[in-house]
Each structure stands twice: as structure tokens, then as C-alpha cells.
Amino acid sequence: MTSFYIVLKVIAFIAIIIVPLSGPKKKKSATKGDIGKLAVNGEGYLEAVSSSPANHHPVL
């Protein structure tokens, strides 16, 4: 019976300490290279843009 408890403690140690160290798998997110539908006007407010802006500066 003592050997059963030792095996149980070892399995619990592996399950609680060792397994979470690997952490969750991270997925790489695909970035979009599109121009947004919002722009900042001269006063600093956001406004909707119906056409593409004349001076496009991509933000990475």
C-alpha cells in the first residue's frame, strides 16, 4: 500500500509541477496589410474615410 501512495505522489507531482511548465501552444496571428477605414483629421479627431488617403504611410 505504501508503494501505491509513492506512485500516486509521483504522478501528482508530474501532473501539477512538470506538465504546466510546457505552457499553452501559441498560434502565430496573420497580419493584414490593408489600409484602415479611419483617419485622423487636422484637429486630431478620428473620421471615416471613404476613399484611400493621398499620403499613405503604413504602420507596422
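In this text the structure is predicted, and so the values were computed from the model without any measurement.

Undergrad: Outline the overall build of the protein, listing residues and values.
TA: A count of helical and extended segments in the protein gives one helix and two strands. Helices and strands appear in the protein in the N-to-C order α-β-β. Each of the 60 residues in the protein was classed as buried or not, and the buried ones make up 0%. If you sum the accessible surface of the protein, you get close to 6,300 Å²; carbon and sulfur atoms cover 64% of it.

Undergrad: Account for the environment of Val-40, naming residues and giving values.
TA: Relative to the helices and strands, Val-40 is located in strand β1 (residues 38-40). With near-sequence residues (within four places) excluded, Val-40 lies in contact with Tyr-45 and Leu-46.

Undergrad: Give a description of a nonpolar patch on the surface that names residues and reports values.
TA: Residues Ile-6, Val-10, Phe-13, Ile-14, Ile-16, Ile-17, Ile-18, Val-19 and Leu-21 make up a contiguous nonpolar surface patch of roughly 880 Å² in combined accessible area. For Val-10, the location among the structural elements is in helix α1 (residues 2-18).

Undergrad: How would you explain the confidence of the model for the protein if you had to name every residue and give the values?
TA: As a note on interpretation, predicted positions should not be read in detail where pLDDT is low. Model confidence for the protein is summarised by a mean pLDDT of 78, while 75% of its residues fall at 70 or above. Confidence scores differ between elements of the protein, with β1 showing the lowest mean pLDDT of 84 and α1 the highest of 89.

Criteria and cut-off values
Residues numbered from 1 in each chain as written. Predicted model: local features only at pLDDT ≥ 70, side-chain atom pairs only at ≥ 80, totals over all residues. Heavy atoms only, no water. Helix = DSSP H or I, 4+ residues; strand = E, 2+ residues; numbered from the N terminus. Buried < 20%, exposed > 50% of the residue type's maximum accessible area, 1.4 Å probe, protein only. Areas by Shrake-Rupley, 256 points an atom, 1.4 Å probe, with all protein chains shown as cover. Contact = heavy atoms within 4.5 Å. Patch = residues over 30% accessible without salt bridge, like charges linked within 9 Å, V, L, I, M, F, W, Y side chains within 5 Å. Salt bridge = Lys/Arg side-chain N within 4 Å of Asp/Glu carboxyl O. pLDDT = per-residue confidence, 0-100.

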